[in-house]
Amino acid sequence: MIAIDCRPLQDDSKFRGIGTVIRNIIEHIPNKKNYALLIEKGRGDIESFGMKVIEFIVPFNKKKYGEVLTQCLRENHIRQCHFMAQYNIPDHFDFPFSVTVHDLFNEYLLTNQKKYEKKLAPMIKQLKKAKVLIAISEYTKATIQERLPDAKVQVITNGFSASITKHATVDVNLFTTLNIQTPFILYMGNFEKRKNFLGALKGFIEFSKTHPEYQLVACTGHQPVILPPAILWLVLKHRKKIKLMPYIQSNALANLYKKAEALLFVSHAEGFGLPILEAMSVTTPVVISNTTALPEVGKNAAMYADPRDTRSIAEGLSSVIDDDQCRHELIQHMPKVLADFDVKTKALEYDQLFSLA
C-alpha cells in the first residue's frame, strides 16, 4: 500500500493550486484499495473518496517528526510514501518515498541568489533520496535535472477537472456580493516576487489609459500586513480601478473567472499555471507570460506577453479585448488544450507509476 501525503489539505494550501491538485488525484485515481491518505490527527478531516486514512499523531518534540512518521508508516504496513509537494518531506525521514515536484522556487528566487541557493540546498539533498521524482512540467523536469543529473524524473502534468465550469452555472451577482463592477480584468496570484503582481498592475494601468471603463480584480489571497511600497503606491493612486480580494468561495470564484473579460497571469516564474486552465474552462481569454512553464500550459490558446515589459502586457490585454478574431481563435483552441490535461488521465498516470513501485 502507498500512502499519499494529504497534509496540505489541512492548512491554507487547500485553497491554493496544490490543494486542487491533491483533491483531483485522490478523487480520480483508480485502484483506491492500493492507497492510504496520510493526515495529521486533530487538524481536521478530509474527504477520503473511499480510501483508508492514516492519522499521524504529531510528536510533542517536533525534531522527532520525521522519525515518528517513519514508525507510523511502518506500523501501517505502507511500502512507500508519496509527498504531493517537494517542501513537505520532513527531516530525519528514513523511509522509501517519491515526491511530486512543482518547482524549485523560494522567496529569494529573484531577489538574492546567495540566499536562494542556501535555502534550496536542503531540499535538493532530500530530493536526491527519492525513489522517483514526478515533475509537473517539462520546465520543472529540466530545472531538477540541472541540479540532479542522475535523478529519475517522470513528467505528469497537473490534471484539470471541470469544477470551475460546474460552479459557474450557479449565478452570483458580483456587484451585490463583492462590489465588483463589469467590465473587469482578473488577476490571480499572491505577493511573491515571482508572481509579478507589480508588473501586472503596471500593465493593466497602461491598458486602462485606452480602456478607462475597466477595473482590475486581483485575487491575492492573504495580504501582508504592509503592502510592498511600490504596489501600495499604485493601489492607492488607482484605487477606483484596482480591487484586492482575499480567498473567495467556489461559486463566486467561478463567476469571477466566467465574467472577467480576460485573465492576466504574467508571472516571472511558474512550475505550471492552473489558473490558465480554470479560465479556459469558462472560455475566458488569458494573457500570460512567455516564460518558464506557462507556454506548456497555454499552448496555442493563450495570448503571450513579456512579463518584464509593461507595454507588452498592455498590448496583450488590448489584443484579447479589442480584436474579435484573435479572441475567437483563442477560444476555439481551448477545448483541445483542456483535453490535454484531463484529470482522469493524469490520475491514471499516477496509478501506473505507483504500480511499479
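Residues numbered from 1 in each chain as written. Predicted model: local features only at pLDDT ≥ 70, side-chain atom pairs only at ≥ 80, totals over all residues. Heavy atoms only, no water.

**Looking at the nonpolar core**
It is characteristic of soluble globular proteins that their nonpolar side chains tend to be buried jointly. The biggest cluster of nonpolar side chains holds 40 residues, and the ones touching the most others in it are Leu186, Leu256, Tyr257, Leu277 and Met280. Setting aside residues up to four positions removed in sequence, Leu186 forms contacts with Val217, Cys219, Leu256, Tyr257, Ala260, Ala262, Leu263 and Leu264. Phe56, Cys72, Ile89 and Ile144 belong to the second largest nonpolar core, which has 34 residues in total. (Core = buried A, V, L, I, M, F, W, Y, C linked by side-chain atoms within 4.5 Å. Buried < 20%, exposed > 50% of the residue type's maximum accessible area, 1.4 Å probe, protein only. Contact = heavy atoms within 4.5 Å.)

**Observations regarding unusual backbone geometry**
With omega at 0°, the peptide bond leading from Thr182 into Pro183 counts as cis. If you trace the backbone, Pro183 turns up in the loop between α6 (174-178) and β8 (184-188). The backbone phi angle of His77 is positive, close to 60°, even though this residue is not glycine. Following the sequence through the fold, His77 ends up in the loop between α2 (65-75) and β4 (80-83). For His77, a relative accessible area of 66% gives the class exposed. Even without being a glycine, Lys299 presents a positive backbone phi close to 50°. Within the secondary structure, Lys299 sits in the loop between α11 (294-298) and β13 (303-305). (Helix = DSSP H or I, 4+ residues; strand = E, 2+ residues; numbered from the N terminus.)

**With respect to the sheet that holds strand β6 (residues 133-135)**
Read from one edge to the other, the open sheet built from 7 strands follows the order β3-β2-β1-β4-β5-β6-β7, with strand pairing classed as parallel. Sheet topology places β3 (52-56) and β7 (153-155) at the edges, where each strand pairs with a single neighbour. Along the sheet, successive strands turn relative to each other by an average axial angle of 25°, direction set aside. Note: strand β5 (residues 97-101) against β6, 3 bridges, orientation parallel. Pairing of Val99 across the sheet is with Leu133, part of β6. Strands β1 (2-5), β2 (35-40), β3 and β4 of the sheet are contacted by α2, whose axis makes an angle of about 145° with β3. (Pairing = 2+ DSSP bridges. Axes fitted to C-alpha atoms, helices over the stretch in contact; angles between N-to-C directions.)

By themselves, these figures tell us nothing about what the structure is for.
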